[in-house]
Amino acid sequence: MTKNYLNTQSSLAMKSEGYYSAKTVGAKNAIDKTQKLIENALNTIPKKEILRFADYGSADGGTSQEMWSNIIKLIRETGDERQIEILYTDLASNDFSTLFKIMQGMQGNSDFAYQKFFSNVFVHGCGTGFHDQLMANNSLCLGFSATAMHYVSERPCLIENHVHMTGASQNEINLFKDQAHKDWETILLNRSSELIKGGRFVCINFGIDEQGRCLGNTGGKVMFNNFAMNWKHLEAQGIITNQEFINATFTQHYRTIEEFRKPFDDKESTISKSGLVLRSCETMITDCPYKTHYLKNTNTMSANDYAKTLIPTMRSWSETVFKNALINRSANEVNKIVDHFYNLYIDDVSKNPTGHAMDYVHVIMDIEKID
Ligand SMILES: C[S@@+](CC[C@H](N)C(=O)[O-])C[C@H]1O[C@@H](n2cnc3c(N)ncnc32)[C@H](O)[C@@H]1O
C-alpha cells in the first residue's frame, strides 16, 4: 500500500469564503430536519445556570444557523433568559473569518444572525479538532454535530484504485474501519467528559444505511465511482500521474449503523462506562435539492443547467482532495486540471442526467450522558 505522506488537514477543508454553505443546501436541509430532536432533548436537560451549546465541525456556520436561530428563539419564547454560550468548532484550517461574519449578519442570511436579535447570547470559535476535549469537564449542556465525523483523524493508507473507502479493496477498507472505530471512541469519550449529567449530544453523520446506501449512492449513478472514473481518465490522458491519482484519497470513513452502535451496545465498553447511552439511532435520506429542483423544472431547465447546479455542490467539499493530490505544479496548472476534472462530470450529467444526484444518507443519533 502506498505511503500516506499528505497533510491531512489541508485536504479536509471546505471551499472557503462562504462557498461551502452557499452551495450546500442539502446539508442545511438535513440539519433543519433535526430541530425537533434537539427541541425534545432540550426539554429534558437539567437547568444549569448557563446554557452551553457546541456545534462540532461547523464549517462556516451557515448551514446550521437557521436551526440554532430557531432553537434560541424558542428558548426565549418560553421566558428562559439564561445566558447562552455557543461554541463553533472546526479545524484550525477552517475559514473562521467567514464564520464570524455570517454570525454577525455581515454575510449569508442576516435574518438568522441570532446574536443580533437576542441578548445574552455569546458566540465563540474553537480551532481544535473534535478528537480532542474542547471544553472543561461537565460544562456542556447540548452538543451538536452535522456531517463532519466521517472525517477520520488520519488517513490509514492511500487508496490505490479508487478515491474513497466505499470503492476501496477489502484490505484498505479494514484499515479505514479500524481508524474510524478508534476515532469514534475518542470522540465519544471526549464528549462524555464535556457533557453535564443529563446533557445531550445529537449528531447526524454520513454513513451506510440498512440498504447499503450512502451519499451520492441511492439507487442511480454512484458519485464516488464517477469521481474515480474521471480522475483515472485524467491519468490515462497523461494529465496527472499515477501517484497523483492515488494521492486523491478522501480522509473519510462511512460507518455502518452497527459501527456507530457498537460502543453503546457493549455495556462493558469504556463509552458505556463513561456514562453515555444511545437514546435513539435512525437513518435519514435527504433528497438532493438540485435533483428535486431539476425534476420539477424539466420544461425550462436543460440537462446542462442541472449539471451546472449539481457539480458545484459536490465541488464545495471535494475540491481540496483533488487539488492537494497534485504534486509540484503551479497554482494555475492545479486550477486548470481541477476545473477540467469537474467539467468531465458536468459533461457526463449533461449527456444523460438520469440517475445523477447527491442524495444525503445520514445516521442520526441522540446520545445522553446519564452519570
Ligand atoms: C461537510 S462539512 C459539514 C459542515 C456543517 N456541519 C454542515 O453540516 O453543513 C465537514 C466539516 O467538518 C470539519 N472537520 C473535519 N474533521 C474535523 C475535526 N477533526 N475536527 C473538527 N472539524 C472537523 C471540516 O473542516 C468541515 O468544516
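All residue numbers refer to position in the chain's written sequence, counted from 1. Since the coordinates come from a predicted model, pLDDT governs what is reported: local features require at least 70, and pairs of side-chain atoms require 80 or more to be given and counted, while whole-chain, interface and lining totals use all residues.

Student: Quick rundown of the overall build of the chain? Include the residues and the values.
Tutor: Within the chain, the secondary structure is distributed over 14 helices and eight strands. Two things to know: the radius of gyration comes from C-alpha atoms, and the globule rule equals 2.2 Å times the number of residues to the power 0.38. A compact globule built from 371 residues should have a C-alpha radius of gyration of about 21 Å, and the chain, at 21 Å, falls within 12% of that. Taking the principal axes of its C-alpha atoms as reference, the chain extends roughly 65 × 50 × 40 Å. Residue burial here comes from a neighbour count, namely the number of other C-beta atoms, placed from the backbone, that lie within 10 Å of the residue's own C-beta, with 20 or more meaning buried, 12 or fewer meaning exposed, and in between meaning partly exposed. Burial status across the chain gives 45% buried among its 371 residues. Think of it this way: build a C-beta for each residue from its backbone, and any pair within 7 Å is a contact. Long-range contacts, defined as pairs at least 24 residues apart, comprise 85% of the intrachain contacts of the chain with a sequence gap of at least 6. We count a stretch as a helix when DSSP gives it H or I for four or more residues in a row; a strand needs E for two or more, and each element gets its number in order from the N terminus.

Student: Break down the packing of helix 13 (residues 303-325) against helix 14 (residues 331-351) for me, citing the residues and quoting the values.
Tutor: The N-to-C vectors of helix 13 and helix 14 enclose an angle of 140 degrees; their axes lie 9 Å apart at closest approach. Between helix 13 and helix 14 lies a crossing of right-handed hand. Here Ala303, Asn304, Tyr306, Ala307, Lys308, Leu310, Ile311, Arg315, Glu319, Phe322 and Lys323 of helix 13 come into contact with helix 14, specifically with Val334, Val338, Phe341, Tyr342, Tyr345, Ile346, Val349 and Ser350. Residue type decides the class: Asp, Glu, Lys and Arg count as charged, Ala, Val, Leu, Ile, Met, Phe, Trp, Tyr, Cys and Pro as nonpolar, and the leftover types, Gly among them, as polar. Its residues assigned to classes, the contact of helix 13 with helix 14 shows 13 nonpolar, two polar and four charged. The axes used here are C-alpha line fits, helices contributing only the stretch in contact, and every angle between their N-to-C directions lies in the interval 0 to 180 degrees. Crossing handedness is read from the near helix: turned anticlockwise from the far helix by less than a right angle, it gives a left-handed crossing, and turned clockwise, a right-handed one.

Student: How would you summarise the environment of Lys336 if you had to cite specific residues and measurements?
Tutor: Inspection of the secondary structure puts Lys336 in helix 14. Taking the C-alpha atoms as reference points, Lys336 and Thr309, separated by 27 residues in sequence, lie 20 Å from one another.

Student: With reference to specific residues and values, describe the confidence of the model for the chain.
Tutor: Detailed reading of the predicted model is not advised wherever pLDDT is low. What pLDDT reports is the predictor's confidence in each residue, on a scale of 0 through 100. Across the chain, pLDDT averages 94, with 94% of residues at or above 70. Confidence drops under pLDDT 50 across residues 1-9; counting only partners more than four residues distant or on other chains, this segment forms 16 contacts.

Student: Explain helix 14 to me, and be specific about the residues and the numbers.
Tutor: Over its 21 residues, helix 14 runs 30 Å from end to end, which matches the ideal 30 Å to within 8%, given 1.5 Å per residue. The complete set of buried residues in helix 14 reads Val338, Phe341, Tyr345 and Val349. Across the axial projection of helix 14, the buried residues extend over an arc of 85 degrees, all falling on one side. With respect to the buried face of helix 14, the exposed residues turned more than 90 degrees away are Asn332, Glu333, Asp339 and Lys351. Expected span of a helix, by definition, is 1.5 Å for each gap between consecutive residues, and there is one gap fewer than residues. Arc definition: it is the arc formed by the directions from the helix axis to the C-beta atoms.

Student: How would you sum up the environment of Met67? Please name residues and give values.
Tutor: Relative to the helices and strands, Met67 is located in helix 4 (residues 65-77). Spatially, the C-alpha atom of Met67 lies 29 Å from that of Pro263, the residues being 196 residues apart in sequence. Here Met67 is in contact with Ile31, Asp32 and Gln35, once residues within four sequence places are set aside.

Student: Can you tell me about the site of the ligand, naming the residues and giving the values?
Tutor: By definition, a residue lies near a molecule or strand when the C-beta atom built from its backbone is within 6 Å of it. Looking at the ligand, there are 22 residues lining it, with Gly57, Thr63, Gly129, Ala146 and Ala148 nearest. A breakdown of the residues in the shell around the ligand according to their chemical character gives twelve nonpolar, nine polar and one charged.

Student: Talk me through the nonpolar core; I want residue IDs and the actual numbers.
Tutor: Ranked by internal contacts, the top residues of the largest apolar core, which has 94 residues, are Phe53, Phe144, Val163 and Trp231. Beyond its immediate stretch of four places on either side in the chain, Phe53 contacts Ile84, Ile86, Cys141, Leu142 and Phe144. When buried Ala, Val, Leu, Ile, Met, Phe, Trp, Tyr and Cys residues are joined through C-beta atoms within 7 Å, the set is termed a nonpolar core.

Student: I'd like to hear about unusual backbone geometry, residue by residue, with values.
Tutor: The phi dihedral of Asn120 is positive, around 60 degrees, even though this residue is not glycine. Turning to its location among the elements, Asn120 is positioned in the loop between helix 6 (114-117) and strand 3 (121-126). The phi dihedral of Asn138 falls on the positive side, at around 50 degrees, and the residue is not glycine. Tracing the backbone through its elements, the reader meets Asn138 in the loop between strand 3 and strand 4 (140-146). Of the residues examined, Asn138 has 13 C-beta atoms within 10 Å and is grouped as partly exposed.

Student: Before we move on, can you summarise the environment of Asp359 with the specific residues and values?
Tutor: Note that Asp359 resides in the loop between helix 14 and strand 8 (360-369). For the pair formed by Asp359 and Ile285, sequence separation is 74 residues and the distance between their alpha carbons is 6.9 Å. Not counting residues up to four positions away in its chain, the partners in contact with Asp359 are Thr218, Ile285, Thr286, Asp287 and Cys288.

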